[in-house]
Amino acid sequence: MTSFEPKDLPTAKLHGYLLSTVAPRPIAFASTIDENGNPNLSPFSFFNVFSANPPIMIFSPARRVRDNTTKHTLENAESTKEVVINVVNYNIVQQMSLSSTEYAEGVNEFEKAGLTMLKSDIVKPFRVAESPVQFECKVNEIVKLGTEGGAGNLIICEVVKLHINDAVLTESGSIDQEKLDLVSRAGGSYYSRAKAGFFEIPKPLSTLGIGVDALPKKIRNSNILTGNDLGLLANVEALPTNEVVNAFAKTHDNLALTQIEKHKKAQNLLSFGNVESAWKVLLS
């Protein structure tokens, strides 16, 4: 057995060991607003529920290891003392992943991820309409665990209202775990689907994906492509050029396909992770 003392490991290495072994972890899809009312949406897997009476949840936006900066979610929670925690199921996992891209301050991650802002009843931050369960919370306390990169900040939230989609409830009013279909986080690019086990999602581009809001309208409003499909398509730095698309179409006979047929073919390619070819089909 290989053994370490934490002080002897670089923070990034220790961070990797912790995330890969304390897993899978539930995901807090946290919605906040800044002092000017600009919305922010970001996922955090340092998260759990810790009390039912009062109903308390805690999540932790850690200081970035690479440059010791703090995240917009922490800054917003400090200034407004409100947050909405949305649960993540399989239907929105790709969009959730895309929202974790570090877009500039003021960029609306709801729009970039193609998710719907739903007005909350008590707090000011918006809910994620596509999330099957949403918790409106007030921030009771923030506990700072350190000042160096990698240090956590425990945001202690009290649930003031919860919203549950009827589609995930049983006849008796309890949660049907199969229908809820939750997704959790593990190490590296690994996630776990509650009813199907581990799968991988490539990390969002450090160069910033174009976002769902930048997709051509006929693709963004497709009746075939799912939110997960759009999330995959939006995690590209730029669309293929006309020259590349035309060359692909000539050798793959895509010009004869209807729009619906193209969307179905692209969806099949996306199921195998072939985003580049899917784009070429859609634009041909």
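As a reminder, the structure under discussion sits directly above these lines.
Residues numbered from 1 in each chain as written. Predicted model: local features only at pLDDT ≥ 70, side-chain atom pairs only at ≥ 80, totals over all residues. Heavy atoms only, no water.

Asks: So what about the overall build of the protein chain? Which residues, and what values?
Replies: Of regular secondary structure, the protein chain possesses 10 helices and 12 strands. For 284 residues, the compact-globule formula gives about 19 Å, and the C-alpha radius of gyration of the protein chain, at 20 Å, lands near that figure. Over its C-alpha atoms, taken along the principal directions, the protein chain stretches across nearly 60 × 50 × 45 Å. Buried residues in the protein chain amount to 44% of all 284 residues. (Helix = DSSP H or I, 4+ residues; strand = E, 2+ residues; numbered from the N terminus. Rg over C-alpha atoms; globule rule 2.2 N^0.38 Å. Buried < 20%, exposed > 50% of the residue type's maximum accessible area, 1.4 Å probe, protein only.)

Asks: Could you give an account of the packing of helix H8 (residues 242-252) against helix H10 (residues 275-283), with specific residues and numbers?
Replies: A packed helix pair is summarised by two numbers, namely the angle formed by the two axes and the spacing between the axes. Where H8 meets H10, the axes come as close as 9 Å, and the angle between the chain directions of the two elements is 85 degrees. The orientation of H8 with respect to H10, classified from their angle, is roughly perpendicular. Here H8 contributes Val244, Val245 and Phe248 to the contact with H10, which in turn contributes Ser277, Lys280, Val281 and Leu283. Per-class residue counts for the contact of H8 with H10 are 5 nonpolar, 1 polar and 1 charged. (Axes fitted to C-alpha atoms, helices over the stretch in contact; angles between N-to-C directions. Parallel < 35°, antiparallel > 145°, perpendicular 65-115°, else oblique. Contact = heavy atoms within 4.5 Å. Nonpolar A, V, L, I, M, F, W, Y, C, P; charged D, E, K, R; others polar.)

Asks: Please set out a nonpolar patch on the surface residue by residue, giving values where relevant.
Replies: On the surface, Leu162, Ile164 and Ile175 cluster together to form a nonpolar patch covering roughly 220 Å² of accessible area. Positionally, isoleucine 175 belongs in the loop between strand E9 (153-164) and helix H5 (177-180). Taking the relative accessible area as the measure of exposure, isoleucine 175 reaches 33% and is therefore partly exposed. (Patch = residues over 30% accessible without salt bridge, like charges linked within 9 Å, V, L, I, M, F, W, Y side chains within 5 Å. Areas by Shrake-Rupley, 256 points an atom, 1.4 Å probe, with all protein chains shown as cover. Salt bridge = Lys/Arg side-chain N within 4 Å of Asp/Glu carboxyl O.)

Asks: Describe the nonpolar core, with residues and values.
Replies: In this structure, Leu215, Ile219, Leu230, Leu233, Trp279 and Leu282 are the most contacted members of the largest nonpolar core, which totals 21 residues. Listed by contribution, the elements that provide at least two residues to this core are helix H7 (227-234), helix H9 (259-271) and H10. If you tally residues by element for this core, the top one is H10, at 5 residues. The residues contacting leucine 230, other than those within four sequence positions of it, are Val212, Leu215, Ile219, Arg220 and Leu225. Counting 20 residues, the second largest nonpolar core, distinct from the first, contains Ala30, Phe47, Ala77 and Val83. (Core = buried A, V, L, I, M, F, W, Y, C linked by side-chain atoms within 4.5 Å.)

Asks: Can you explain the packing of aromatic side chains? Please cite residues and give values.
Replies: Counted under the stated rule, the structure contains 5 aromatic pairs. Between the aromatic rings of phenylalanine 44 and phenylalanine 59, the centroid separation amounts to 5.5 Å while the plane-to-plane angle is 40 degrees, which identifies the pairing as tilted. Placement of the pair is phenylalanine 44 in strand E2 (residues 39-44) and phenylalanine 59 in strand E4 (residues 55-59), with a sequence separation of 15 residues. Considered together, phenylalanine 44 and phenylalanine 59 belong to a single accessibility category, that of buried residues. A network of ring pairs unites the aromatic residues Tyr90, Tyr191 and Phe199 as a single cluster. Between arginine 185 and the ring centre of tyrosine 191, over which it is positioned, the NZ or CZ distance is 4.4 Å. (Phe/Tyr/Trp six-rings, centres within 6.5 Å; stacked < 30°, edge-to-face > 60°. Lys NZ or Arg CZ within 6 Å of the ring centre and 35° of its normal.)

Asks: Can you break down unusual backbone geometry residue by residue, with the values?
Replies: Glycine aside, the phi torsion of most residues is negative, and most peptide linkages are trans. Cis geometry is found at the peptide bond from alanine 23 to proline 24, where omega equals 0 degrees. Secondary-structure assignment places proline 24 in the loop between helix H1 (11-21) and strand E1 (28-33). Residue asparagine 53 is joined to proline 54 through a cis peptide bond whose omega torsion reads 5 degrees. Considering the arrangement of structural elements, one finds proline 54 in the loop between strand E3 (47-52) and E4. For aspartate 181, which is not glycine, the phi dihedral falls at a positive 55 degrees. Structurally, the position occupied by aspartate 181 is in the loop between H5 and strand E10 (183-185).

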